[in-house]
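Each chain, written out:
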Amino acid sequence: MMRIPFSFFLAIPISLLAGRLLGEVEHYGFLGVPFNGYGQDDRTEVMVQYGSTADLSVPDSLSAYSQTSSLPAGGSSNLNVSLLLDDSTITMLDPKLVEWSVSNTALQIRDGSMLAESLPERTTVRVRARAEGFSASLTIFILPREKPVSDHLPQSLRSAIELEAKGWKESDWFGAFYDAENGWLYHAHQGWIHVSEGGLGATWFWSSGNQWVWTEENVYPHLYRNRDSAWLYFFKEALPAKIFYNHKTETMERLSSN
């Protein structure tokens, strides 16, 4: 916000008025009407000083801020800097002329703007501005670029979190699996399966033992087998053996591992 003094004043050496009584020392005074006050523009963004007397305000501190406190990877934002004066007015500075420093080179400052580079995880960067003998700082958060949605997975499995082992994920309802990123998964309990969309919160998957079966978040480990229209129950407690109870025939089925 630009401080705009509307003032007209006349500086007259007092030594000329007082003759030679002050010797070689000259003092300066200001002649004018009393100061009238402050005002603001229509948007209340610019503090205006008006009146016809000179006001000798001095800088008190520096303020630096950005249009946003967080930047996505590859994003940018303008910077703003202003001097706070002791008469409660402020003077905007050109950010291009301010000395900037950053705590992480992933954030670049060019021509008064900051630009964030692409990072794998959220990063905190401290930015410092120096001007007119003062300094100010602000914190910027660089947000990681969002990973593309794994559209080869059914919607019901896309919320699976990534595990430390590369390629492995874990669904809160389906369990852990290795994602080959081509529709094939190696499930920790079911072995190699090929998955397909099964509707809201559901999935179809094919295995060599059961062929196509259907299940969903609120149903698993119950499975519907398409080839004989039978409902199965998977006994996880029997692992590593693959044991299913067939509700249609009321018998237990044991499948070979794949």
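Predicted model only: the values in this text are computed from it and were never measured.

A. Summary view of the confidence of the model for the chain. With 75% of its residues at a pLDDT of 70 or more, the chain has an overall mean of 80. Note that pLDDT drops below 50 for residues 1–35; the model gives that stretch 65 contacts with residues more than four away or on any other chain.

B. Structural context of the sheet that holds strand E24 (residues 242–246). Strand order in the open sheet formed by 11 strands is E15-E16-E17-E18-E19-E20-E21-E22-E23-E24-E25, and the pairing between neighbours is antiparallel. The open sheet has two edge strands with one neighbour each: strand E15 (161–162) and strand E25 (251–255). Strand direction decides the pairing type here: strand E23 (residues 230–234) and E24, joined by three bridges, are antiparallel. The residue of E24 that forms the bridge with Tyr233 is Tyr245.

C. Expanded view of the packing of aromatic side chains. In the structure shown here, the tally under the stated rule is 12 aromatic pairs. Considering the side-chain rings of Trp214 and Trp231, the 6.4 Å spacing of their centres and the 85° angle between planes classify their relative orientation as edge-to-face. Of this pair, Trp214 sits in strand E21 (residues 211–216) while Trp231 sits in strand E23, placing them 17 residues apart in sequence. Taken together, the ring pairs connect Trp168, Tyr178, Tyr186 and Trp192 into an aromatic cluster. Here the guanidinium or amino end of Arg122 rests over the ring plane of Phe141, the centre of that ring lying 4.3 Å away.

Thresholds, definitions, all that
Residues numbered from 1 in each chain as written. Predicted model: local features only at pLDDT ≥ 70, side-chain atom pairs only at ≥ 80, totals over all residues. Heavy atoms only, no water. pLDDT = per-residue confidence, 0-100. Contact = heavy atoms within 4.5 Å. Pairing = 2+ DSSP bridges. Helix = DSSP H or I, 4+ residues; strand = E, 2+ residues; numbered from the N terminus. Phe/Tyr/Trp six-rings, centres within 6.5 Å; stacked < 30°, edge-to-face > 60°. Lys NZ or Arg CZ within 6 Å of the ring centre and 35° of its normal.

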